[in-house]
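# Residue-level structure breakdown
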Amino acid sequence: MMKRLGILVALPLAALAMAQAQTPGGSASAPGKSPRAGAVSAMPLTEGTVERVDKARGEVVIQHGDLPNLGMPAMTMGFNVADKRMLDRLKPGDKVRFNAEIVKGEATVTHIEAAR
Ligand SMILES: [Cu+2]
């Protein structure tokens, strides 16, 4: 299921990235936006609870809320992490807020922070 979802999500994202790369200045897709306004800051963080941390596999299992950018409802699942050092700050039971994207076909946490 995750593989199929990954392909469905990754293709439009790749097409969008190529379209932006071929548009000088990217003005067609983001009128008036500064190039510094990156995708990360524009994306709302999703709430979650850490269920398991697997440093050997570079994976964190998160019980997460809706992930609109991945077209994913709330569920508990494993994520890769963009940087394995993220796992050092996580332990089961932690309340977190995070972003996830499809990287190389896998759901990957690209930003994570403690929730308050
Ligand atoms: Cu999920």
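Residues numbered from 1 in each chain as written. Predicted model: local features only at pLDDT ≥ 70, side-chain atom pairs only at ≥ 80, totals over all residues.

## Some details on the environment of Phe98
By the secondary structure assignment, Phe98 is in strand 4 (residues 95–103). Among the residues examined, Phe98 registers 23 C-beta atoms within 10 Å and is labelled buried. Distance in space between the C-alpha atoms of Phe98 and Glu47 is 6.6 Å, their sequence separation being 51 residues. Apart from the residues within four sequence positions on either side, Phe98 is in contact with Leu45, Thr46, Gly48, Val109, His111 and Ile112. (Helix = DSSP H or I, 4+ residues; strand = E, 2+ residues; numbered from the N terminus. Buried ≥ 20, exposed ≤ 12 C-beta atoms within 10 Å, placed from the backbone. Contact = placed C-beta atoms within 7 Å.)

## Side note on the confidence of the model for the protein chain
Predicted coordinates in areas of low pLDDT are best not read in detail. Chain-level statistics for the protein chain give a pLDDT mean of 79 and a share of 63% at 70 or above. When the criterion is pLDDT under 50, residues 25–34 qualifies, and its contacts beyond four places in sequence or with other chains add up to five contacts. pLDDT under 50 marks residues 36–40. Its contacts with residues more than four places away, or in other chains, come to four contacts. (pLDDT = per-residue confidence, 0-100.)

## Here's the deal with the nonpolar core
By size, the foremost hydrophobic cluster in this structure holds 15 residues, and its most contacted members are Val50, Val60, Phe79, Val81, Phe98, Ala100 and Val109. Breaking this core down by element, the ones donating at least two residues are strand 2 (59–64), strand 3 (75–81), strand 4 and strand 5 (106–114). Sort the elements by how many residues they give to this core and strand 4 lands first, with four residues. (Core = buried A, V, L, I, M, F, W, Y, C linked by C-beta atoms within 7 Å.)

## Quick look at the sheet that holds strand 3
Ordered in space as 1-2-3-5-4, the five strands form a closed barrel in which the pairing is mixed. Within the sheet, the average angular offset between the axes of one strand and its neighbour, ignoring direction, is 55°. Two elements, strand 3 and strand 5, share two bridges in a ladder whose sense is parallel. When the sheet's bridge partners are listed, Asn80 is paired in strand 5 with Thr108. (Pairing = 2+ DSSP bridges. Axes fitted to C-alpha atoms, helices over the stretch in contact; angles between N-to-C directions.)

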